[in-house]
Amino acid sequence: MKRKLVTLNRRSVRNGLLAAAALAVLTAVVYWQNVNLINSNFTTGYVLLGCVVFLAAFNLRKKFPMLPFIGSAAFWMQLHIYVGLSTFAIFGLHIAWRIPNGWFESFLALLYVLVALSGVYGLWMTRILPRRLTALPEEIVFERIPWLRLDLARQARELVLAACESTDVLARFYANRLSHYLERPRNFVYLVQPSGRLRRQMIAEIDELDRFLAEEQRPVGRGLAELVKRKDDLDYHSAIQGRLKVWLFVHIGLTYSLLVVAVMHLVLVHAFSGGFQ
């Protein structure tokens, strides 16, 4: 593990230095063009557009994992991160570090900022959130969560029905409290900010029922408490994985929108500069 971290740190330093060197070369080219009264906006604009096209291609790379000759997904991810971070400086050079004027340029700049910030947010999420999921006892596929939720509710009903012959305490608790918790997904507040408060509350209520149960019925209560824990883990997976999927949908949608508007911007700039004559 220690050797792996050292290798990762060396790779990050190397990639960072390569990105910094490329930006230094581009800055020197822009400076030379400005000194010689050459419009550097075309240079930085084409470089920036090329970077955005390359970044958008990462989504296509993930759709073809069977093609090893185009590089591994990890290699593309590293390129995606450092090229994406480099676009902050390239964008600054392109707009000469000023606020754009005109509604079209402002809209294009806003799109870029949204894409860039969503990318940084996604980088943070993909570094932090998967670690939280691996801390849970079970790995769960997002698409199977609704089916697993129904299966937990079924197991709880079977436990309660088995105990109904001798007591109705658990049956009433299941009908009034537990069924709603097990059968339904959590509310929007939980999806935005997951919390174990309801899990602790439900387990505490089950523990309170223990004094009303006979010795042979108490394993049923413990079984229900275990199902509550598993349901909470399921909800946590749903919230975290759902957040990642929503972010990816928004980020990709903004990226393609940026590409379309950037191409329109390119056509307009060439048209008004006489480039198509």
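This report concerns the structure included in the present document. Along each chain, the written sequence defines residue order, and numbers are assigned to residues from 1. It should be noted that, the model being predicted, local features are given only for residues of pLDDT at least 70 and side-chain atom pairs only at 80 or more, the latter also being counted only at that level, while totals for whole chains, interfaces and linings use all residues. Calculated side-chain values reflect all of the structure's heavy atoms, with hydrogen atoms and water omitted.

## Quick look at the packing of aromatic side chains
So, point 1. Here the aromatic set is Phe, Tyr and Trp, taking the six-membered ring for Trp, and pairing holds for ring centres within 6.5 Å; pairs whose planes are under 30 degrees apart are stacked, those over 60 apart are edge-to-face, and all others are tilted. A complete count under the given rule lists 5 aromatic pairs for this structure.
So, point 2. With centroids separated by 5.7 Å and ring planes inclined at 85°, the aromatic side chains of tryptophan 103 and phenylalanine 104 adopt a geometry described as edge-to-face.
So, point 3. Partly exposed describes any residue whose relative accessible area lies between the buried limit of under 20% and the exposed limit of over 50%, with all areas from a 1.4 Å probe on protein chains only and scaled to the type maximum. By relative accessible area, tryptophan 103 is classed as exposed at 68%.
So, point 4. Relative to tryptophan 124, the ring of tyrosine 121 has its centre 6.0 Å away and its plane inclined at 25°; by these criteria the two rings are stacked.

## Observations regarding the side chain of arginine 186
So, point 1. A run of DSSP states H or I qualifies as a helix once it reaches four residues; a run of E qualifies as a strand once it reaches two. Both are numbered from the N-terminal end. You can see arginine 186 is positioned in the loop between helix H6 (169-183) and helix H7 (188-192).
So, point 2. Pairs of N or O atoms within 3.5 Å make up the polar contacts considered here, provided that, within protein, one atom can donate a hydrogen while the other can accept it, and that residues adjacent in sequence are counted only when both atoms are side-chain atoms. Among the polar contacts listed, one links the side chain of arginine 186 to the side chain of aspartate 235, at a separation of 3.1 Å.
So, point 3. Not counting residues up to four positions away in its chain, the partners in contact with arginine 186 are Tyr181, Leu191, Ser195, Leu198, Lys231, Asp232 and Asp235. For this analysis, residues touch if any pair of their heavy atoms sits within 4.5 Å.

## As for the side chain of histidine 94
So, point 1. Its location among the elements puts histidine 94 in helix H3 (residues 73-94).
So, point 2. Classification of histidine 94 as buried rests on a relative accessible area of 18%.
So, point 3. Sequence-distant contacts of histidine 94, that is, excluding residues within four places in its chain, are made with Asn41, Thr44, Gly45 and His265.

## Quick notes on H6
So, point 1. Multiplying 1.5 Å by the helix residue count minus one yields the expected span of that helix. Look at H6: 20 Å from first C-alpha to last across 15 residues, which is about the 21 Å you get at 1.5 Å a residue.
So, point 2. Two axes enter the definition of the bend at a residue: one is fitted to the seven residues ending there, the other to the seven starting there, and the bend is the angle between them. The largest bend along H6 reaches roughly 50° and is located at alanine 175.
So, point 3. Taken together, the buried positions of H6 are Val169, Leu170, Phe173, Tyr174, Leu178, Ser179, Tyr181 and Leu182.
So, point 4. For H6, the secondary structure elements touched by its buried residues are helix H5 (145-163), helix H8 (197-209) and helix H9 (218-272).

## Some remarks on the packing of H8 against H9
So, point 1. Two elements in contact, H8 and H9, have axes separated by 10 Å at closest approach and are oriented at 175°. Between H8 and H9, the crossing angle belongs to the class labelled roughly antiparallel. In this structure, H8 uses Arg199, Met202, Ile203 and Ile206 to contact H9, whose residues at the interface are Gly221, Leu224, Ala225, Val228, Lys229, Asp232 and Asp233.
So, point 2. The residue classification treats Ala, Val, Leu, Ile, Met, Phe, Trp, Tyr, Cys and Pro as nonpolar and Asp, Glu, Lys and Arg as charged. All others, Gly included, are polar. For the contact of H8 with H9, the per-class residue count stands at 6 nonpolar, 1 polar and 4 charged. Note on definitions: angles span 0 to 180 degrees between N-to-C directions of axes, and those axes are lines fitted to C-alpha atoms, for helices only across the stretch in contact. To sort the angles, those under 35 degrees are grouped as roughly parallel, those over 145 as roughly antiparallel, those from 65 to 115 as roughly perpendicular, and the leftovers as oblique.

## A look at the environment of alanine 109
So, point 1. Positionally, alanine 109 belongs in helix H4 (residues 103-134).
So, point 2. Owing to a relative accessible area of 10%, alanine 109 belongs among the buried residues under this scheme.
So, point 3. If sequence neighbours within four positions are ignored, alanine 109 has contacts with Phe91 and Pro100.

## Re a nonpolar patch on the surface
So, point 1. The residues that make up patches have over 30% relative accessible area and no salt bridge, and they are joined within 9 Å when like-charged or within 5 Å when they are Val, Leu, Ile, Met, Phe, Trp or Tyr. Here, Shrake-Rupley sampling with a 1.4 Å probe gives the accessible areas, and only protein chains in the shown set may cover a residue. Salt bridge, as applied in this entry: a Lys or Arg side-chain nitrogen positioned within 4 Å of an Asp or Glu carboxyl oxygen. A grouping of Leu85, Phe88, Val113, Leu117 and Val120 is seen on the molecular surface, where their side chains present a nonpolar patch of about 390 Å² in accessible area.
So, point 2. For the nonpolar patch, the elements supplying multiple residues, two or more each, are H3 and H4.
So, point 3. Looking at the element boundaries, leucine 117 is found in helix H4.

Keep in mind that these numbers describe shape and distance, not what the molecule does.
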